[in-house]
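Secondary and tertiary structure notes
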Amino acid sequence: MSGLKLFHTTKGGVTEVMPRLAEEEADVQDLIEAHMETMLGVRFLASEYSTGPVHGGRIDSLGIDENNAPAVVEYKRGTDAGVIHQGLFYMAWLMDHKDAFRHLVRDRLGAAVASQVLWSAPRLICVAGDFTRYDVHAVREHRRSIDLVRYRFFGNEHIGLETVASVTGQTAVSRAARRRRGAETPRGRREDRAMTELAAAVDEVLLGLGDDITKVENRTYRAYQRLRNFACVCPPQKTKLLVYLKADPKEVDLAPSFTRDVTGLGHHGTGDLEVQLRTDRDLERAQDLFRLSYAAA
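Residues numbered from 1 in each chain as written. Predicted model: local features only at pLDDT ≥ 70, side-chain atom pairs only at ≥ 80, totals over all residues. Heavy atoms only, no water.

We now examine the pattern of salt bridges. Opposite charge on two side chains makes pairing possible when the charged atoms of those side chains draw close. As enumerated under the stated definition, the model contains 15 salt bridges in all. Residue R222 is joined to D203 by a salt bridge in which the shortest nitrogen-to-oxygen separation is 3.7 Å. Linking R222 in strand β10 (residues 222-226) with D203 in helix α9 (residues 193-207), this pair joins segments that are 19 residues apart in sequence. A residue is classified by how much of its surface remains accessible, and D203, at 14% relative accessible area, is buried. Through salt bridges with shared partners, a single network forms among D203, K215, E217 and R222. (Salt bridge = Lys/Arg side-chain N within 4 Å of Asp/Glu carboxyl O. Helix = DSSP H or I, 4+ residues; strand = E, 2+ residues; numbered from the N terminus. Buried < 20%, exposed > 50% of the residue type's maximum accessible area, 1.4 Å probe, protein only.)

This is how it looks when you write it as structure tokens:
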């Protein structure tokens, strides 16, 4: 279980310190929809999205995350055994109506984003007052990417979010992508064995930072996230491996040929701090930065 992440949603101080549940489910939904990118790393697209008269449902919130994966967000005021099944019901509808989602993304965020939707990693994010041990077990039995997030209000101006469980789905598309990579000729993978081994070591270190980390394969990078991305690793180059972190570059002593502030500069993945890894020693130097970014996410 990850630590509680507290969000200050308005100006002013906290009037109460005791955590509490919302008066109404809509209170949670309205607040998170207003700050969805900050809290969940998801760009908000629509609220109470109708799935049509035949399906007969309404998706609480629809969005698209940092890796351009579709995100269904469902809310419950307290503990509700049906929230996961309800969310999966809407996820199944979404995967059968990809054109409708693309049109929504195009209308809200433009054609460029709509053309890059990552259908291999759709996400279900359930936000509720609490979850049972049966809920935690259930998400591990599904093939979908599911995040269970517990919330608490603190006074009228703070909300705390805590990840209870986070599981990465294993879809047919992602398996096919792995098969394609495995089928590449040795010549195509001979770039530099040392870089390939370094990438594997980075993967082990990043996943070892916590038990709430999920990994998402994008076309141009691999994202490591705990609700939000905290690290993005690009494919190995001949002499270096690029990692982008959510750590604030202004809080880091930048070192030439090792760390770089890429705020405002185009690059693959997310994060404003670029880390260049060439050797195992660089990886050792980078581990404090990895931890810093993990905490920031």
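Back to the write-up after that little detour.
The predicted model of the protein chain averages 88 in pLDDT, with 87% of residues at 70 or higher. Note that residues 171-188 has pLDDT below 50 and, in this model, 9 contacts with residues that lie over four places away or in other chains. (pLDDT = per-residue confidence, 0-100. Contact = heavy atoms within 4.5 Å.)

A few words on the sheet that holds strand β9 (residues 214-217). Strand order in the open sheet made by the 6 strands is β9-β10-β11-β12-β14-β13, with antiparallel pairing throughout. The sheet is open, and its two edges are formed by β9 and β13 (259-261), each paired on a single side. Each adjacent strand pair in this sheet contributes to an overall mean axis angle of 25°, direction not counted. Pairing geometry for β9 and β10, over 4 bridges, is antiparallel. Across the sheet, the residue bridging to E217 is R222, located in β10. Against the sheet, α9 makes contact with β9, β10, β11 (228-233), β12 (241-245) and β14 (273-277), and its axis sits at roughly 25° relative to β12, the strand it touches most. Against the sheet, helix α10 (residues 280-296) makes contact with β10, β11, β12, β13 and β14, and its axis sits at roughly 155° relative to β14, the strand it touches most. (Pairing = 2+ DSSP bridges. Axes fitted to C-alpha atoms, helices over the stretch in contact; angles between N-to-C directions.)

Attention now moves to the environment of T163. With respect to the secondary-structure elements, T163 resides in strand β8 (residues 158-167). Separated by 12 residues in the primary sequence, T163 and Y151 have C-alpha atoms spaced 8.9 Å apart.

Closest axis-to-axis distance for the α9/α10 pair is 11 Å, and the angle between their directions is 25°. When the interaxial angle is binned, α9 and α10 end up roughly parallel. Judged by the twist between their axes, the crossing of α9 over α10 is right-handed. Side by side, α9 and α10 meet where L198, A201, V202, V205 and L206 of the first sit next to D280, L283, Q287 and F290 of the second. Split into classes, the residues belonging to the contact of α9 with α10 amount to 7 nonpolar, 1 polar and 1 charged. (Parallel < 35°, antiparallel > 145°, perpendicular 65-115°, else oblique. Left-handed = near helix turned anticlockwise from the far one by under 90°. Nonpolar A, V, L, I, M, F, W, Y, C, P; charged D, E, K, R; others polar.)

Evaluated as defined, the whole model comprises 5 aromatic pairs. Taking 5.6 Å as the distance between ring centres and 70° as the angle between the ring planes, the aromatic pair formed by F101 and W119 counts as edge-to-face. Highlighted residues: F101 in helix α5 (residues 98-109) and W119 in the loop between α6 (111-114) and β6 (123-128), separated in sequence by 18 residues. Aromatic pair Y151 and F153: ring centres 5.8 Å apart, planes at 75°, arrangement edge-to-face. Each member of the pair Y151 and F153 is classed as buried. Sitting above the plane of the Y294 ring, R226 keeps its charged end 3.9 Å from the centroid. Above the ring of F258, the side-chain terminus of R285 is found at 3.8 Å from the ring centroid. (Phe/Tyr/Trp six-rings, centres within 6.5 Å; stacked < 30°, edge-to-face > 60°. Lys NZ or Arg CZ within 6 Å of the ring centre and 35° of its normal.)

Further remarks concern the nonpolar core. Soluble globular proteins: nonpolar side chains tend toward being buried together. Core analysis: the biggest nonpolar cluster contains 33 residues, and L62, V72, F101 and L148 have the highest contact counts within it. Setting aside residues no more than four positions away along its own chain, L62 makes contact with R43, F44, L45, A46, Y49, A71, V72, L94, F101 and L104. If you look at the next biggest cluster of nonpolar residues, it comprises 27 residues, including A199, F230, V243 and V252. (Core = buried A, V, L, I, M, F, W, Y, C linked by side-chain atoms within 4.5 Å.)

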